[in-house]
Amino acid sequence: MKLINPRQAELMGIFAALPTNVTTHYLSKFQKGTPFMTASDSFSVIELMKELISLSIVPRGTKAPDIKINGHNTINVRPDIIKGTATLTPLENLEIQAGQTQMILNGQLVDNGKFLDEKKLSMLKSGYMNTKARMCAELFLTGKITLPESKDVIDFKTKPAIPKTFTKGTNNWEVFFLDLLDEYVEKNKVFPTKIEVDKEILKEFLTDEKLAKQNIAYNIVDIIPQKTLEQRYPHFNILNMKIETLVPATNVVGKKIDTENMVYLSNEAEFTETYVGLEVAVNNSVLMLKADVHIDEIVEKDPPVKKYIFQSGYCPVLPITDRIMKYKV
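Everything quoted here is computed from the prediction, not taken from an experiment. (Residues numbered from 1 in each chain as written. Predicted model: local features only at pLDDT ≥ 70, side-chain atom pairs only at ≥ 80, totals over all residues. Heavy atoms only, no water.)

J.: Could you clarify how one ought to interpret helix 2 (residues 45-54) in this entry?
T.: Because each turn of an α-helix spans 3.6 residues, side chains separated by three or four positions in sequence point in the same direction. Inspection of helix 2 places Val45, Leu48, Met49, Leu52 and Ile53 among the buried residues, and these make up the whole buried set. An end-on view of helix 2 places all buried positions within 135° of arc, on one side of the element. Buried-residue contacts for helix 2 involve strand 1 (36-37), strand 2 (43-44), strand 3 (67-69), strand 5 (76-77), strand 16 (272-275) and strand 21 (314-317). Note on helix 2: the residue one or two positions beyond its end, Ser56, has a positive phi of about 60°. (Buried < 20%, exposed > 50% of the residue type's maximum accessible area, 1.4 Å probe, protein only. Helix = DSSP H or I, 4+ residues; strand = E, 2+ residues; numbered from the N terminus. Arc of directions from axis to C-beta. Contact = heavy atoms within 4.5 Å.)

J.: Teacher, can you tell me more about the environment of Glu174 here?
T.: Among the secondary structure elements, Glu174 is positioned in helix 5 (residues 173-188). Glu174 sits in the buried class, given a relative accessible area of 6%.

J.: So what exactly am I meant to see when it comes to the layout of surface pockets here?
T.: To find leftover empty space, a probe the size of one water molecule is rolled over the atoms. The calculated volume of the largest pocket comes to roughly 330 Å³. The wall of the largest pocket is formed by 17 residues, among which Thr62, Lys63, Ile320, Thr321 and Asp322 lie closest to the centre. Residues of the lining of the largest pocket, tallied by class, amount to six nonpolar, three polar and eight charged. (1 Å grid on protein atoms, 1.4 Å probe; cavity = no way out; pocket = protein on both sides within 12 Å on 5 of 7 lines; lining within 4 Å. Points joined across faces, edges and corners; volume = space filled by probe spheres on them. Nonpolar A, V, L, I, M, F, W, Y, C, P; charged D, E, K, R; others polar.)

J.: Explain the sheet that holds strand 16 here, please?
T.: Across a sheet, strands are paired by hydrogen bonds formed along the backbone, either parallel or antiparallel in direction. What the three strands build is an open sheet, ordered 1-16-21; its pairing is mixed. The sheet is open, and its two borders are formed by strand 1 and strand 21, each paired with just one other strand. For strand 16 and strand 21, the ladder comprises four bridges, and the chain directions are antiparallel. Looking at strand 21, one finds that Thr274 is bridged to Cys315. (Pairing = 2+ DSSP bridges.)

J.: Before we go on, may I ask you to explain the pattern of salt bridges in this structure?
T.: For side chains of opposite charge, pairing can occur when their charged atoms come near one another. For the structure shown, the criterion picks out 19 salt bridges. Among the ionic pairs, Arg7 bridges to Glu297, the shortest N-O distance being 2.8 Å. With a gap of 290 residues between them, Arg7 in helix 1 (residues 6-17) and Glu297 in strand 19 (residues 294-301) connect regions that are remote in the sequence. By relative accessible area, which is 25% here, Arg7 ends up partly exposed. Each member of the salt-bridge network shares a partner with another, and the members are Arg7, Glu10, Asp117, Glu297 and Lys306. (Salt bridge = Lys/Arg side-chain N within 4 Å of Asp/Glu carboxyl O.)

J.: Hey, could you run me through the side chain of His25 in this one?
T.: Relative to the helices and strands, His25 resides in the loop between helix 1 and strand 1. In this structure His25 comes out as buried when scored by relative accessible area, which is 10%. At a separation of 2.8 Å, a polar atom in the side chain of His25 contacts the side chain of Glu196. (Polar contact = N/O pair within 3.5 Å; in protein donor to acceptor, adjacent residues only side chain to side chain.)

J.: Help me understand unusual backbone geometry in this model?
T.: Excluding glycine, residues mostly have negative phi values, and the peptide bonds linking residues are mostly trans. Positive phi, normally seen in glycine, also occurs at Asn70, with a value near 55°. Its place among the elements puts Asn70 in the loop between strand 3 and strand 4 (72-74). When its relative accessible area of 42% is taken as the criterion, Asn70 is described as partly exposed. We note that Asn261 has phi near 60°; this positive angle belongs to a residue other than glycine. Within the element layout of this structure, Asn261 appears in the loop between strand 14 (241-245) and strand 15 (262-266).

J.: What exactly am I supposed to notice about the packing of aromatic side chains here?
T.: The description of two aromatic rings rests on the distance between their centres and on the angle between their planes. Overall, the coordinates contain 15 aromatic pairs when judged by the stated rule. Here Phe166 and Trp173 contribute two aromatic rings whose centre-to-centre distance is 3.7 Å and whose plane-to-plane angle is 10°, an arrangement assigned as stacked. Through pairs of rings, three or more aromatic residues link up here, namely Tyr26, Phe30, Phe140, Tyr264 and Phe271. Over the face of the ring belonging to Phe140 we find Lys29, whose NZ or CZ atom lies 4.4 Å from the ring centre. Just above the ring of Tyr314 sits the side chain of Lys132; from NZ or CZ to the centre is 4.6 Å. (Phe/Tyr/Trp six-rings, centres within 6.5 Å; stacked < 30°, edge-to-face > 60°. Lys NZ or Arg CZ within 6 Å of the ring centre and 35° of its normal.)

J.: Honestly, helix 6 (residues 199-207) in this entry has me stumped. Any pointers?
T.: Among the residues of helix 6, those classed as buried are Ile201, Leu202 and Phe205. What you see down the axis of helix 6 is that its buried residues fit within an arc of 105°, all on one side. Exposed residues on helix 6 whose side chains face more than 90 degrees from its buried face are Leu206 and Thr207. The residue sitting at the N-terminus of helix 6 and contributing the capping side-chain oxygen is Asp198; that oxygen lies 2.9 Å from the backbone nitrogen of Glu200.

J.: Which parts of the structure should I look at to understand the nonpolar core?
T.: Across soluble globular proteins, nonpolar side chains show a tendency to be buried alongside one another. Judged by nonpolar contacts, the single largest core of 58 residues is most densely connected at Tyr26, Phe43, Leu121, Tyr128 and Tyr314. Secondary structure elements with two or more residues in this core: helix 1, helix 2, strand 6 (82-87), helix 4 (112-142), strand 15, strand 20 (304-312) and strand 21. For this core, the element with the most residues is helix 4, which contributes twelve residues. For Tyr26, the contacting residues outside a window of four places in its chain are Cys136, Ala137, Phe140, Leu141, Leu246, Val247 and Ala249. (Core = buried A, V, L, I, M, F, W, Y, C linked by side-chain atoms within 4.5 Å.)

Laid out in structure tokens, this is it:
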């Protein structure tokens, strides 16, 4: 039995190709590998770790992370289904009725129906990508995720920030970061792939006289003249180590995440995306679909309305929580 009909496949193809203008600084950390997918409505952390070990993504013998949901220990996580609906207005329905002419957009003839598909799906994709980006930002920066629908909290129990002191005019930033690298390698037996600092520390870099004297040998990387938020902050090269800036972020419920005077060292090799199964209607049955997203188109008779229905069972995961080490300077 086919779970996806041709129209649904067409909509999902359009959805996948649509661009978005969402800040993906933290989301991209979790998109480097193959996602873990299941047809069940939940995923087992133990089964996830077995797959990551079999794919050589995490070392053999790695234990599953301790996870709590609303304070209770668990090995099975049932993430919220992220849902969205976009409705065609009566005027939009009129535009795609039989006999309507094609429209001209950017000098090209465009079918009205395809234009409206893209318009409505673009709205859904922007909302979806923004939700994913906030979930990843909250997980990376705080070690927790607030689920978007139920507001349940999944706690990966990452270690609290380690306090550090830096004395201006006395301490040296190069030595400071070398010490942090040593601590990270001693703890994880691997080097971090990212070193990120809050913008307040970035300001200290810009005004530090000792660091300025190193600019001849270790130049500050120029700000990249692009429009994305991530690229408006400079990256520093300190002793050939790239120091990036933490992008301001909000959690799932829209509250700003405090990163003032924070330093994050991380290795993103194991950060993982998971997708649980989605309930879809097929003929007179409801079946579970193994997919990252599902999009359907329905027509309701009373009142008459046409809708695009979107859903996804997305959840980011930190398989090895020690791979994020935080410092409060």
